[in-house]
Amino acid sequence: MKHRISLFFGVIFLALVTLACHFTLPETPQPSPTAAAPAAVQPPTIEPPASVSVPDLVSQQDRLIALYEQVNPGVVSLQVLTETGGSQGSGFVYDREGHIITNFHVVDGATDLEVDFPSGIKVRGEVIGTDPDSDLAVVKVNIPAEELHPLPLGSGETVKVGQTVIAIGNPFGLSSTMTLGIVSAKGRTLESLREAPQGGFFSTGGLIQTDAAINPGNSGGPLLNLNGEVIGVNRSIRTTSITALGEPTNSGIGFAVNVDIVARVVPELIKNGKYDYPYLGVSSQEEITLMMQEALGLPRATGAYILEVRPNSPAARAGLRAGTRSSSIPGLPAGGDLIIAVDERPVRVFGDLLSYLMIYKRPGESIVLTILRDNKEMEVTVTLDKRP
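Residues numbered from 1 in each chain as written. Predicted model: local features only at pLDDT ≥ 70, side-chain atom pairs only at ≥ 80, totals over all residues. Heavy atoms only, no water.

Before going further, it helps to examine helix H6 (residues 350-360). For H6, the buried fraction is high: 9 of the 11 residues fall into the buried class. Those residues of H6 not exposed but buried are Phe350, Gly351, Leu353, Leu354, Ser355, Tyr356, Leu357, Met358 and Ile359. (Buried < 20%, exposed > 50% of the residue type's maximum accessible area, 1.4 Å probe, protein only. Helix = DSSP H or I, 4+ residues; strand = E, 2+ residues; numbered from the N terminus.)

Now the structure itself:
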């Protein structure tokens with residue numbers, strides 16, 4: 001989609017105030033000496049509620065304001081013209097040499113490209129490198145170094161589900177919009193923007209899922225932690241809703257390119273204009289349901305089940321097997337290898353394997369796959385190629 005998407009994290013801070021009430025019981029009148037004294041009733045012991053820490057909302061507010069003022073100068077708006085029309089997206093400053101990071105789909109097919117800075121500077125940019133596999137691109141601008149405010153890259157490895165994150169971008173052309181949310185999940189997979197030789201598209205992995213309100217115009221903008229470090233590049237949303245103009249709207253499920261992929265890819269895009277990903281040469285069931293496990297006769301419902309091995313691929317040369325026998329589920333052949341670990345890292349779903357390859361491995365390097373074949377565990381060493 002040409003309009004870009006930004007992650008808006010709507011988090012409501014609830015101040016839970018506990019009132020510690022002190023009860024004073026009236027004195028019980030003493031019975032007269034001549035009256036029969038009723039049985040004494042002991043009042044219940046009333047314990048004050050435990051102390052609850054009240055969030056300092058003012059301090060949190062001040063921190064977010066300071067973070068915005070620190071980061072926003074490094075976030076840009078991109079105005080793109082193509083042969084078929086125009087679009088708008090976001091990006092951020094990578095270094096003081098004038099390199100801007102954005103999404104590939106923001107600048108794909110650009111015939112003219114304008115980069116607008118929050119300071120008011122507007123300058124034309126040149127696309128110098130693209131990567132449709134990860135949906136990343138690098139744009140070069142020529143302005144004085146003192147006008148550039150690079151954003152530091154964080155670590156995707158340390159990102160935790162539930163942590164607070166910030167997105168800044170230009171949804172629907174509303175420049176310098178800041179939104180707040182949490183990390184909803186890690187290691188998601190999506191179809192990439194690069195076609196495979198056999199048809200269809202390659203997959204991309206390692207994506208960060210968030211509940212941020214990402215909308216058209218925010219693609220390519222940064223997803224940040226509370227230290228102001230980039231942990232992802234906002235890429236897309238999953239939604240069934242559209243505006244009156246046919247543009248997708250936020251559904252609370254957004255995706256960002258993992259910063260660890262950014263850190264690998266961008267230097268190569270600056271140097272060579274492209275990046276080569278490792279290639280295994282299998283297609284896999286993304287996740288195994290209980291019904292699939294039973295139909296395939298597998299001893300477990302976790303792992304990456306191989307549906308196809310590409311001819312002359314690293315997987316084929318290593319002897320990995322795809323399913324060939326019919327099963328009770330149409331289109332799901334039995335008898336394939338089940339990948340349960342890569343380099344001793346557990347593989348629960350195909351996305352675990354794909355994310356590991358994209359973030360940590362390069363063409364020419366080897367991996368050790370732990371597989372189940374006919375319910376027997378074995379290890380297979382595979383030397384990776386680059387994606388064809």
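On we go.
A separate point is the sheet that holds strand E9 (residues 177-195). Strand order in the closed barrel formed by 6 strands is E8-E9-E10-E13-E12-E11, with antiparallel pairing between adjacent strands. Taken pair by pair, the neighbouring strands of this sheet meet at an average axis angle of 45 degrees, ignoring direction. As defined by bridge partners, strand E11 (residues 222-224) adjoins strand E12 (residues 230-237) across 3 bridges and the pair is classed as antiparallel. Across the sheet, residue proline 222 finds its bridge partner in E12, namely valine 233. (Pairing = 2+ DSSP bridges. Axes fitted to C-alpha atoms, helices over the stretch in contact; angles between N-to-C directions.)

For phenylalanine 172, which is not glycine, the phi dihedral falls at a positive 55 degrees. By secondary structure assignment, the location of phenylalanine 172 is in the loop between strand E8 (164-169) and E9. Located in the positive-phi region is aspartate 343, a residue other than glycine, with phi close to 50 degrees. Secondary-structure assignment places aspartate 343 in the loop between strand E17 (338-342) and strand E18 (345-346).

We now examine the pairing of strand E20 (residues 376-383). Pairing analysis gives 8 bridges linking strand E19 (residues 366-373) to E20, with the strands arranged antiparallel. When the sheet's bridge partners are listed, serine 366 is paired in E20 with threonine 383. The antiparallel hairpin formed by E19 and E20 contains 2 residues in its connecting segment, where aspartate 374 sits at a positive phi of about 55 degrees.

We now examine the pattern of salt bridges. As enumerated under the stated definition, the model contains 9 salt bridges in all. With its nearest N and O atoms 2.5 Å apart, the salt bridge here joins arginine 387 to aspartate 133. Pair noted here: arginine 387 is in the segment after strand E21 (385-386) and aspartate 133 is in the loop between strand E6 (126-131) and strand E7 (136-140), with a separation of 254 residues, a long-range link. Residue classification places aspartate 133 among the buried positions, given a relative accessible area of 1%. (Salt bridge = Lys/Arg side-chain N within 4 Å of Asp/Glu carboxyl O.)

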